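Structural overview for review
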Protein chains: 2
Amino acid sequence: MGESWSFLDTAESNFRPLVVIELAKGTKEETVEWFTKRIVDKKADGGAQLLIKPLVTENGVENIYLVGASHLRLLLGAETVGLVKECSDNSMRTFTYSSRKTFKHFADDNHDFLTMAECQYIIKHELENLRAKNEKIIPGYPQAKLYPGKSIVRRLLTSGILVQIFPLHDREELKKLSHNWYGRVKVGYQPLDDIRCYFGETIALYFGFLEYFTFALIPMAVIGIPYYVFAWEDYDKYVMFATFNLLWSTVILEVWKRMCAILTYRWGTLLMKRQFEEPRPGFHGVLGINPVTGREEPVYSSIKRQLRIYLVSLPFVCLCLYFSLYVMMIYFDLEQWALDYHEENESNFSSLMLYVPSIIYAVVIEIMNRIYRYAAEFLTSWENHRLESSYQNHLILKVLVFNFLNCFASLFYIAFVLFDMKLLRQSLATLLITSQILNQFAESLLPYWLQKRYNRRMKKRMCSKKTDTDLSIAEQVNMEKEMGTYLGTFDDYLELFLQFGYVSLFSCVYPLAAVFAVLNNITEIYSDALKMCRVYKRPFAEPTASIGVWQLAFETMSVISVVTNCILIGMSPEVDALFPDSKMDLVLTVALVEHLLLAIKFIMAFVIPDKPREIQMKLAKLEFESLEALKQQ
Amino acid sequence: MGESWSFLDTAESNFRPLVVIELAKGTKEETVEWFTKRIVDKKADGGAQLLIKPLVTENGVENIYLVGASHLRLLLGAETVGLVKECSDNSMRTFTYSSRKTFKHFADDNHDFLTMAECQYIIKHELENLRAKNEKIIPGYPQAKLYPGKSIVRRLLTSGILVQIFPLHDREELKKLSHNWYGRVKVGYQPLDDIRCYFGETIALYFGFLEYFTFALIPMAVIGIPYYVFAWEDYDKYVMFATFNLLWSTVILEVWKRMCAILTYRWGTLLMKRQFEEPRPGFHGVLGINPVTGREEPVYSSIKRQLRIYLVSLPFVCLCLYFSLYVMMIYFDLEQWALDYHEENESNFSSLMLYVPSIIYAVVIEIMNRIYRYAAEFLTSWENHRLESSYQNHLILKVLVFNFLNCFASLFYIAFVLFDMKLLRQSLATLLITSQILNQFAESLLPYWLQKRYNRRMKKRMCSKKTDTDLSIAEQVNMEKEMGTYLGTFDDYLELFLQFGYVSLFSCVYPLAAVFAVLNNITEIYSDALKMCRVYKRPFAEPTASIGVWQLAFETMSVISVVTNCILIGMSPEVDALFPDSKMDLVLTVALVEHLLLAIKFIMAFVIPDKPREIQMKLAKLEFESLEALKQQ
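Predicted model only: the values in this text are computed from it and were never measured.

1. A closer look at the pattern of salt bridges
Within this structure, the stated rule accounts for 58 salt bridges over all chains. A salt bridge links Asp491 of chain A to Arg373 of chain A; its shortest N-O distance comes to 2.3 Å. Within this pair, whereas Asp491 of chain A is found in helix α16 (residues 490-505), its partner Arg373 of chain A is found in helix α12 (residues 356-382), the two being separated by 118 residues in sequence. Between Glu614 of chain B and Lys618 of chain B there is a salt bridge, with the nearest N and O atoms lying 3.5 Å from each other. Note that Glu614 of chain B and Lys618 of chain B are positioned in helix α21 (residues 613-632) at a spacing of four residues, about one turn of the helix. By relative accessible area, which is 52% here, Glu614 of chain B ends up exposed. On the basis of relative accessibility, which here comes to 29%, the residue Lys618 of chain B falls in the partly exposed class.

2. Topic: the interface of chain B and chain A
With 25 residues of chain B in contact, the opposing surface of chain A contributes 25 residues. At the boundary of chain B with chain A, total buried surface from both sides reaches about 2,600 Å², with 71% on carbon and sulfur atoms. Viewed at the interface, chain A and chain B are joined by zero salt bridges. For the pair chain B and chain A, the interface holds two residue pairs in polar contact (both at pLDDT 80 or more). For the side of chain B that touches chain A, the secondary structure elements donating two or more residues are α18 (549-571), α20 (583-607) and α21 of chain B. For the side of chain B that touches chain A, the leading source of residues is α21 of chain B, giving eight residues. Partitioning the side of chain B that touches chain A into residue classes produces 13 nonpolar, four polar and eight charged.

3. Brief notes about the packing of aromatic side chains
Overall, the coordinates contain 73 aromatic pairs over all chains when judged by the stated rule. Between Tyr189 of chain B and Phe215 of chain B, the ring centres sit 5.5 Å apart and the planes meet at 50 degrees, which makes this aromatic pair tilted. Residue Tyr189 of chain B is found in the loop between α6 (171-183) and α7 (192-199), and its partner Phe215 of chain B is found in helix α8 (residues 201-229); the two are separated by 26 residues along the sequence. Using a relative accessible area of 61% as the deciding quantity, one classes Tyr189 of chain B as exposed. Accessibility expressed as a relative area gives 44% for Phe215 of chain B, which makes it partly exposed. For the pair Tyr331 of chain B and Phe332 of chain B, a centre-to-centre distance of 4.9 Å together with 50 degrees between the ring planes defines the contact as tilted. Taken individually, Tyr331 of chain B and Phe332 of chain B each receive the classification buried, so the pair is uniform in this respect. Its end group placed over the ring of Phe166 of chain A, Lys537 of chain A keeps NZ or CZ at 5.7 Å from the ring centre. In this arrangement the basic side chain of Arg538 of chain A is found over the ring face of Tyr198 of chain A, its NZ or CZ atom lying 3.8 Å from the centre.

4. A closer look at the relation of the copies chain B and chain A
Superposing chain B onto chain A takes a rotation of 180 degrees combined with a translation of 0.0 Å along the rotation axis, leaving an RMSD of 0.0 Å. As the rotation angle and translation indicate, the two copies are arranged about a two-fold axis. The position closest to the rotation axis in chain B is occupied by the C-alpha of Met584 of chain B, lying 2.9 Å away. Taken together, the interface assignments show that 100% of the residues at the interface of chain B recur at the interface of chain A, consistent with an identical surface on both copies.

5. Description of the pairing of strand β9 (residues 286-289) of chain B
All names here are of chain B. The sheet contact formed by β9 and strand β10 (residues 296-299) spans four bridges and is antiparallel. The residue bridging Ile289 from the neighbouring strand is Glu296, located in β10. Two successive antiparallel strands, β9 and β10, enclose a turn made up of six residues, where Gly294 displays a positive phi of approximately 75 degrees.

6. Some points on a positive patch on the surface
On the surface, a cluster of positive charge is made up of Lys452, Arg453, Arg456, Arg457 and Lys460 of chain A. Classification of Arg453 of chain A as partly exposed rests on a relative accessible area of 39%.

7. Section: the UniProt feature "transmembrane region" (unreviewed entry) in chain A
Residue and element names in this part refer to chain A. UniProt's feature table lists "transmembrane region" (unreviewed entry) at residues 212-232, 238-256, 309-332, 352-372, 395-416, 496-519 and 586-608, given in the numbering used throughout. Between the end C-alpha atoms of residues 212-232 there is a gap of 29 Å, over a span that is 86% helix and 0% strand. Annotation note: span residues 352-372, helix share 90%, strand share 0%, distance between end C-alpha atoms 31 Å.

8. Some thoughts on the environment of Phe516 of chain B
Residues and elements named next belong to chain B. For Phe516, the location among the structural elements is in helix α17 (residues 513-535). Note: C-alpha distance between Phe516 and Tyr212 (304 residues apart in sequence) is 16 Å. With near-sequence residues (within four places) excluded, Phe516 lies in contact with Leu432, Ile433, Gln436 and Tyr510.

9. Digging into the packing of helix α10 (residues 302-344) of chain B against helix α13 (residues 388-418) of chain B
All names here are of chain B. It is the contact of α10 with α13, at a shortest axis distance of 10 Å, that shows an interaxial angle of 30 degrees. Our classification of the angle between α10 and α13 gives roughly parallel. The chirality of how α10 crosses α13 is right-handed. Across the interface between the two elements, Ile309, Ser313, Val317, Cys320, Leu321, Ser324, Leu325, Met328, Met329, Tyr331 and Phe332 of α10 pack against His394, Lys398, Val401, Phe402, Leu405, Asn406, Ala409, Ser410, Tyr413, Ile414 and Leu418 of α13. The class makeup of the residues in the contact of α10 with α13 is 16 nonpolar, five polar and one charged.

10. With respect to the environment of Phe276 of chain B
In this structure, Phe276 of chain B sits in the loop between α9 (235-267) and β9. The class of Phe276 of chain B is partly exposed, set by a relative accessible area of 23%. Residues Phe276 of chain B and Thr293 of chain B lie 17 residues apart in sequence; the distance between their C-alpha atoms is 9.9 Å. In this view, Phe276 of chain B contacts Phe624 and Leu627 of chain A together with Val292, Thr293 and Arg386 of chain B; residues no more than four positions away in its chain are not counted.

Calculation rules
- Residues numbered from 1 in each chain as written.
- Chains lettered and ligands numbered in written order.
- Predicted model: local features only at pLDDT ≥ 70, side-chain atom pairs only at ≥ 80, totals over all residues.
- Heavy atoms only, no water.
- Salt bridge = Lys/Arg side-chain N within 4 Å of Asp/Glu carboxyl O.
- Helix = DSSP H or I, 4+ residues; strand = E, 2+ residues; numbered from the N terminus.
- Buried < 20%, exposed > 50% of the residue type's maximum accessible area, 1.4 Å probe, protein only.
- Contact = heavy atoms within 4.5 Å.
- Buried area = accessible area lost by both parts, 1.4 Å probe.
- Polar contact = N/O pair within 3.5 Å; in protein donor to acceptor, adjacent residues only side chain to side chain.
- Nonpolar A, V, L, I, M, F, W, Y, C, P; charged D, E, K, R; others polar.
- Phe/Tyr/Trp six-rings, centres within 6.5 Å; stacked < 30°, edge-to-face > 60°.
- Lys NZ or Arg CZ within 6 Å of the ring centre and 35° of its normal.
- Least-squares fit on C-alpha atoms with pLDDT ≥ 70 in both.
- Pairing = 2+ DSSP bridges.
- Patch = residues over 30% accessible without salt bridge, like charges linked within 9 Å, V, L, I, M, F, W, Y side chains within 5 Å.
- Areas by Shrake-Rupley, 256 points an atom, 1.4 Å probe, with all protein chains shown as cover.
- Lys, Arg positive; Asp, Glu negative; His and termini not counted.
- Charge placed at Lys NZ, Arg CZ, Asp CG, Glu CD.
- UniProt positions renumbered as here; feature names shortened; annotations may be inferred.
- Axes fitted to C-alpha atoms, helices over the stretch in contact; angles between N-to-C directions.
- Parallel < 35°, antiparallel > 145°, perpendicular 65-115°, else oblique.
- Left-handed = near helix turned anticlockwise from the far one by under 90°.

Put into structure tokens, the structure is as follows:
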């Protein structure tokens, strides 16, 4: 391997720009020189051994650089990041340069062996792992300290010298993808493999989940429609619907795990070894020795972090929860006021007024969720987690708890304190529909419209009438660098999670919720696809093997929904009438049924294997081979 | 490495017998010759490269063979099985022959670097992995078919040519161990590290769990005593006790995981890589190609197995459960009859008679458990599982479900159908105490007494008055080969599991149960230790990193006990009196408290990390090192 590196030609004739680096305006000359030199330097000298070119526009050089790499360099990088690719014998194996000939579609002159997203991921990885050697500071910026092993790019980012790094779109590919994805009206699945090739596994898995979830909701929606059409009000029908819902939600979550294993096995990420996690960019502390790696890096006491979590974050979250409940009580006052008003002056206007408090409340909820989101991000960042994954987990937990309470507290209050099923149904419908409309608008349509307007203005300024695919590289970069940054799948999953709550928590009261959810998700697929392709900068691909903590969140929601639905059914007058003699028997029966359902849920989750047999066999085969290889050594 | 094997001298001067192989009387000469040759053959020729000697007694050669190995051979074997040992820098690492100098206490002339149990485990592993080459049959036994790669020892065992393989006791060590363990009256912990050195990790972990569990029960027992002494009958006190119990049982199960990680890290098994599992000895099928390994071996259709499980085993288990309930109903008839008898002729005799049905029922339960155990073993074996682990899981599941119902059904019936708390307390006490006495007797004391009598007779026949440690090797082998075989920790864990059920399921009715459990466990430690050291053949050491499925079983029991205790408290007249107006409020409050407790349990299980921070750091360090090593390659 050692020799392979010396083959690398850093001045390959056909330079293909993959990633854009934007430095701050007025960055000192010596800094730029040092940074570009480190990027181009040989691996043996501690460089990244990539190719870099300044972007020349009509206005001259603007501190924007294009980064690429030779084909050989990318192949060696693929080995470093541990990419898993399909072999000629259809098995998935970790790519190594020395075994390259055994891989499907590999040829020394085939530059499509690695997808563009993979190449960009490799370059990102190499840039982030470009580490300080003996430099104590960033040349030209004495306040930006370095120490041996510190990631240079992360320090440049935190000191504001580096504005952004983003991968370039491939206009040709994007046009093809968007045509297949949302450009034509068709019935069928999304091109998940194409999405994965273009955007990477994390985003493809989100769209896979969104599609799966939509399909999984269809049976619920279909069963829910007659309830609305025939205005079925008998509770035995509702009981049937709720029972089906509860078991169905367990089944779909378990089956998703299997689907997910099939997808990620095909994409290679199921087999990918977890890389050692470096500290996240924002992490700071006193310089010390990391006990795990033995390297010099900032160290922050875990006790201090625990104190911040339990003495500041936890009380703050509780305060927010209290505030959210307070706002809810105001909503109920408003509701009462509207009702009184309607009773006093009965008119079309006043009956319309009945819906106003719910709509206002739905909007307020959305606003509160968004404000809280910023506070949670600030707090979690202040907690100073060393790892990105631990930061994410704490952030998700904070946001989930608040959003759950914020969205569902009023419904719980109506259901289990006011016992007003009519109001519950009305509130549920208003909240669900308003939040769906708001989300679609705020998330996709508004940014799309803004982006479109901006693009038009840009093009006008450039006095060109070129279509997107004809743009020069300079024009393309200038256009893309102003686009918004996609902040990850968090908000998209959160939206689905809350939707799942609306559908399942009170499903026996409002079977139509599933219908709205399905309709919303169909448009959601299109608007999210539009958002990814047209509104935001291309995001870096991120390999992943599952939807992570969201699986747990959805499962928890489905457990809670067993409890709520059982109580709702128990409270209905029809079920009540079945036990004319004793309320006790009613409650005991409900409790018994609830426990039975929960037990069935857990047994089902236990019995259904998480991976299909076929995938299990393939994994076992690989494990066996690696054990045999170890023995041979 | 290749050369190291050629160093091996199969005729080392100081032959130390480690393992005994007993062949059937009258085994053909050619078979014996072939088998011993294969054992001695060089590794390169497909042999095991071990040392073997026939045992010569007064009666001549008796088809008993002693197996040993040279020191070098054992070290290479330690690498093959993947032993993890402590390095000079106190970290735990997988042993390799080439890095042997870096390990603590390693010296080329230090034959104690590997413990005797480890040596025996290595020899067992090498013997079991002695595989057929081109032989189609076992020479001399045309009906015993072989195919390339088939384990010879397993075929010899299933065809009855090989009677048994067992490791020899080390009389000196055993004497020291038993003195430290149970030989002297002392207050203190068991010598777990010594037990692990002598008996291996699985057994040491069982004793570790038994000890831990006993200590963990002490707080419950201490709190339970005043309830008996002062005859506290107020339910608020019972509520406190039950609440404490429920949270406590969650804490102890979580803390055990941490304890277990500390122990198994120290013993090296936490880091040991899982070996590829070969088919279990009893597995049979049509010769085919294993899709995972690509090797020729018996293949059995998974659909056939599923059919056997769901169409035969499942109905059979249900039938047994029904029968167990039927027996329970007979018990209640008896109970009623005894009560009637007592009322008609009140006397000392008749009041004693009141206890008779419970005692008879307890004995019947024990007998049914044991009979069912055989049936379950037969059925599971008939299901023809390929792997020992899958066989064990199916067996444990069958046995657990039946034993749970068999032991606790009557108590559930008394508590939740008859509502008779006095009878519940009395039944609980009788069942618990009777089953404990029966177990201790049947498991340890009876075999010990039989063994002792047999030993005495043996010695008399040998006309010797030697103590155990002075016996010649021939005498020792002859004595040990007649000893019973220890069938694994299954029954011991099962006993603890049922005890945990008696203590926790109805803890608020009978706080004294914990006291009996503690007392029983203290004697249990002694009688189990006696059983291991004196009654049974030495078992082969078995590396393990946890108590496996038992952790799940105990956790499930503690979840069930939350439900039962909440119901019991809700049913008490004192709590009843708190809600004079409405039974509904009572039931709802109980249900609410139950759900809260369950939620707290799950959150606690989630929040308490499964491994202590220190162990996590050490594991992270090792993982980091192996990632770095991969990069260097």
